[in-house]
Amino acid sequence: MVKRIDPGQTIGIIGGGQLGRMMAISAKQMGYRIAVLDPTPNSPTGQVADVEITAAYNDLEAAKKLLQESDVVTYEFESIDVGVCEYLVEHGYVPQGSELIRISQDRAFEKKAIEESGAKVVTYELVENIDELKRATQSIGYPCVLKTRRGGYDGKGQQILYEELDLAQAIEVLEKGPCILEQFLPFEKELSVIVNRNTLGEVRSFPVAENIHVNHILLQSIVPARVVPTIQDKAKKAAEQLAESMDMVGTLGVEMFLTQEGDIYINEVAPRPHNSGHYTIDACETNQFEQHIRALIGTPLGKPKLNTSVVMMNVLGEHLQEVVLRIPDVSNAKLHLYGKSEVKPKRKMGHVNFLGYHTKGLLQQTRDLEIWRQ
Ligand code: ADP
Ligand code: MG
């Protein structure tokens with residue numbers, strides 16, 4: 001059922017982190033009210049919401065309350081209990097459905113959905129114990145990466161295995177639950193594409209981002225990605241085909257590996273706005289958060305056109321002090337902070353978008369600032 005949600009109506013968000021906050025800011029600009037469900041009061045989203053429900057994500061009573069407050073419900077992260085999500089879909093308006101959550105929570109379901117769309121994935125095997133892992137390393141070979149099927153993020157729940165001796169370390173990962181063993185791909189670049197599909201079936205994707213991770217955490221996104229146009233088209237097409245094949249509504253952040261031969265492998269997907277799409281806030285005609293809201297409210301999607309070159313730098317706990325001191329004086333740098341009171345190393349506190357004509361100059365500028373020393 002396609003419904004039109006009008007300004008003045010309320011958008012409910014499960015999860016109160018920075019992604020919810022930026023969704024809420026876009027939605028409020030468009031005239032909507034926001035209700036949020038998060039276990040912590042005054043969360044990044046709670047600070048900008050009209051209604052704050054403070055309870056565990058998987059508390060069914062709290063989810064019911066969110067439904068009562070909201071005309072449409074979305075989520076800003078994928079670790080919601082599928083049962084709670086199914087309840088919401090049945091009793092409220094959740095155009096994204098629960099299937100996308102089910103798939104993206106488990107790397108095995110995720111890989112299968114990606115393969116079904118016709119995209120390439122790295123060779124993998126599902127393993128549950130040390131014997132299965134040993135057998136899988138024999139067929140996949142070293143180096144390889146062991147990942148928990150569920151619950152991993154920013155490289156957590158992962159172990160690279162270079163040789164048989166490393167199997168001892170793998171036990172810690174195996175103890176967390178069922179796992180997936182992947183071939184380690186010596187990629188040339190990591191790319192991502194944010195793709196949106198609305199309730200009317202319209203699909204649009206944002207320009208390809210080139211992503212640099214440090215310690216498995218995204219540090220930098222460079223847009224336009226420094227790859228030839230045929231690769232850009234190939235990456236966008238793969239993401240769009242996946243969105244169609246999954247019959248998804250909302251936002252899909254699609255992470256990819258590009259090999260030296262020009263092949264694209266899809267690594268993983270997120271059913272929500274993605275850190276590598278934060279550049280869109282200042283550099284695109286429509287940003288990923290407005291696009292996400294548009295996808296849910298029954299309006300056409302906006303133009304994802306890139307207006308300028310951009311380099312996005314994540315602000316982690318260890319960068320915050322210098323960023324706050326110096327970035328406000330940099331005229332082409334747009335600072336976004338998430339309102340988190342507790343500062344911890346590696347915690348995502350905000351991001352900065354550096355805008356300009358030439359990527360090379362922007363990259364030099366970020367190096368000269370010496371804030372993001374690697
Ligand atoms: P997370 O959920 O933690 O983001 P990812 O699967 O994206 O998990 O892995 C984090 C990072 O580890 C990737 O961005 C990439 O740099 C590296 N990585 C993961 N899987 C592979 C692989 N099969 N081959 C090479 N590098 C990988
Ligand atoms: Mg990832």
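Position labels on residues start from 1 in each chain and follow its written sequence. A letter from A marks each chain and a number from 1 marks each ligand, given out in the order of writing. Only residues with pLDDT of 70 or above have their local features reported here, since the model is predicted, and side-chain atom pairs are shown and tallied only from 80 upward, although totals for entire chains, interfaces and linings are computed over all residues. For side-chain calculations, the full set of non-hydrogen atoms in the structure is used, while hydrogens and water are omitted.

Q: Quick question: what am I supposed to make of the site of ligand 1 here?
A: Neighbouring residues are identified by heavy atoms, a residue being near a molecule or strand if any of them is within 4 Å of it. Lys-147, Gly-155, Leu-185, Glu-190 and Glu-268 are the nearest of the 20 residues found near ligand 1. For this analysis, a polar contact is any N or O atom pair within 3.5 Å, provided that within protein one partner can donate a hydrogen and the other can accept it, and provided that sequence-adjacent residues contribute only side-chain to side-chain pairs. Lys-147 is positioned such that a nitrogen or oxygen atom in its side chain is 2.6 Å from an oxygen atom of ligand 1. Asn-267 is positioned such that a nitrogen or oxygen atom in its side chain is 2.9 Å from an oxygen atom of ligand 1. Contact with the protein chains removes 93% of the 550 Å² of surface that ligand 1 exposes when unbound. Secondary structure follows DSSP: runs of H or I at least 4 residues long count as helices, runs of E at least 2 residues long count as strands, and numbering of each begins at the N terminus. For the shell around ligand 1, the elements supplying multiple residues, two or more each, are β6 (144–148), β8 (179–183), β13 (250–258) and β14 (264–270). Three classes are used: nonpolar for Ala, Val, Leu, Ile, Met, Phe, Trp, Tyr, Cys and Pro, charged for Asp, Glu, Lys and Arg, and polar for all others, with Gly counted as polar. Its residues assigned to classes, the shell around ligand 1 comprises six nonpolar, seven polar and seven charged. Domains are outlined according to an automatic or database domain assignment. Counting the residues that make up the shell around ligand 1, at least three belong to each of domain 2 (123–183) and domain 3 (189–369). In short, Shrake-Rupley with a 1.4 Å probe defines the accessible areas, and a residue's cover is counted only from the protein chains shown.

Q: In this structure, what is going on with the domain arrangement of the protein chain? I would like to understand it.
A: In many analyses, interface size is given as the accessible surface area lost on bringing the parts together. According to the domain assignment, the protein chain consists of domain 1 (10–94), domain 2 (123–183) and domain 3 (189–369). Should any heavy atoms of two residues lie within 4.5 Å, those residues are considered in contact. Between domain 2 and domain 3, the residue contacts involve five residues of the former and five residues of the latter. A 1.4 Å probe defines the accessible area here, and the buried area is the portion of it lost by two parts on being joined, summed over both. Note on domain 2 versus domain 3: buried area summed over both sides is about 370 Å², and carbon and sulfur give 42% of it. In what follows, salt bridge is the name for a side-chain nitrogen of Lys or Arg lying within 4 Å of a carboxyl oxygen of Asp or Glu. At the junction of domain 2 and domain 3, the tally comes to one salt bridge.

Q: Can you help me understand the sheet that holds β6 in this one?
A: Neighbouring strands of a sheet are bound in pairs by backbone hydrogen bonds; such pairs are parallel or else antiparallel. Two strands qualify as a pair provided DSSP detects at least 2 bridges between them. Spatially, β5-β8-β6-β7 is the arrangement adopted by the four strands of the open sheet, whose pairing is antiparallel. The outermost strands of the open sheet, each flanked by one partner alone, are β5 (124–127) and β7 (158–161). On average, each strand axis in the sheet is inclined to that of its neighbour by 20°, with strand direction left out of account. Two strands pair when backbone bridges link them, and β6 and β7 are joined in this way by four bridges, in the antiparallel orientation. Paired with Cys-144 across the two strands is Leu-161, which belongs to β7. Working convention: axes come from line fits to C-alpha atoms, limited for helices to the stretch in contact. Angles between N-to-C directions cover 0 to 180 degrees. The strands that helix α6 (residues 130–140) touches are β5, β6, β7 and β8; relative to β5, the one it contacts most, it runs at about 175°.

Q: So what exactly am I meant to see when it comes to the coordination of the magnesium ion (ligand 2) here?
A: Under ideal tetrahedral coordination, the four donors around a metal are separated by 109.5 degrees; under ideal octahedral coordination, the six donors are separated by 90 or 180 degrees. Within the protein, Glu-255 (OE) and Glu-268 (OE) serve as the donor atoms for the magnesium ion (ligand 2), at 1.9 to 2.2 Å. Here the residue Glu-255 occupies a position in strand β13, and Glu-268 occupies one in strand β14, the gap between them amounting to 13 residues. Take Glu-255: its relative accessible area is 15%, and that puts it in the buried class. Each metal site lists N, O and S donors within 2.8 Å (3.2 Å for Na, K and Ca). With water left out of the atoms, a site can look as if it is missing ligands. Relative accessibility decides the category of a residue: with a 1.4 Å probe and only protein chains considered, values under 20% of the type maximum give buried, values over 50% give exposed, and everything between is partly exposed.

Q: Just to check I follow, could you spell out the packing of aromatic side chains for this structure?
A: Stacked, edge-to-face and tilted labels apply to pairs of Phe, Tyr and Trp rings (six-membered ring for Trp) whose centres lie within 6.5 Å, assigned for plane angles under 30 degrees, over 60, and everything in between, in that order. Here the structure, examined in full by the defined rule, presents three aromatic pairs. A ring pair is formed by Tyr-57 and Phe-77, whose centres lie 4.5 Å apart and whose planes are at 55°; its orientation type is tilted. Residue Tyr-57 is located in the loop between β3 (51–54) and α2 (60–69), and its partner Phe-77 is located in the loop between β4 (72–75) and α3 (82–91); the two are separated by 20 residues in the primary sequence. Seen in terms of ring centroids, Phe-354 and Trp-372 are 6.0 Å apart; in terms of plane orientation they differ by 80°. Their pairing is edge-to-face.

Q: Mind showing me how you'd approach the packing of helix α1 (residues 18–29) against helix α10 (residues 288–297) here?
A: Between α1 and α10, the shortest axis-to-axis distance is 8 Å and the interhelical angle comes to 70°. Here α1 lies roughly perpendicular to α10, going by the angle between them. Contacts from Leu-19, Met-22, Met-23, Ser-26 and Ala-27 of α1 reach α10 at Phe-289, Glu-290, His-292 and Ile-293. Counted by class, the contact of α1 with α10 contains six nonpolar, two polar and one charged residues. Here roughly perpendicular refers to angles of 65 to 115 degrees, roughly parallel to angles under 35, roughly antiparallel to angles over 145, and oblique to all remaining angles.

Q: Explanation requested: helix α8 (residues 229–245) in the structure shown.
A: Since the α-helix advances by 3.6 residues per turn, residues separated by three or four positions end up pointing in the same direction. Expected span of a helix: the number of residues minus one, times 1.5 Å. Helix length check: α8 (17 residues) gives 24 Å between terminal C-alpha atoms against 24 Å at 1.5 Å per residue, within 8%. All of the buried residues in α8 are Ile-231, Gln-232, Ala-235, Ala-238, Ala-239, Leu-242 and Ala-243. Taken around the axis of α8, the buried residues stretch over an arc of 135°, which confines them to a single face. Pointing more than 90 degrees away from the buried face of α8 are the exposed residues Pro-229, Thr-230 and Lys-237. Looking at the packing, one finds that the buried side of α8 touches α5 (107–116), β9 (189–197), β13 and β14. Within two residues after α8, Asp-247 carries a phi angle of roughly 55°, on the positive side. Throughout, the arc means the angular range of directions from the helix axis out to the C-beta atoms.

Q: Looking at this structure, how should I read the side chain of Thr-251?
A: On the secondary structure map, Thr-251 appears in strand β13. By relative accessible area, Thr-251 is classed as buried at 0%. Of note is the side chain of Thr-251, whose polar atom sits 2.7 Å from the side chain of His-292. Apart from residues lying up to four places away in sequence, Thr-251 is in contact with Ile-194, Val-195, Asn-196, Ala-270, Pro-271, Arg-272, Pro-273, Gln-288 and His-292.

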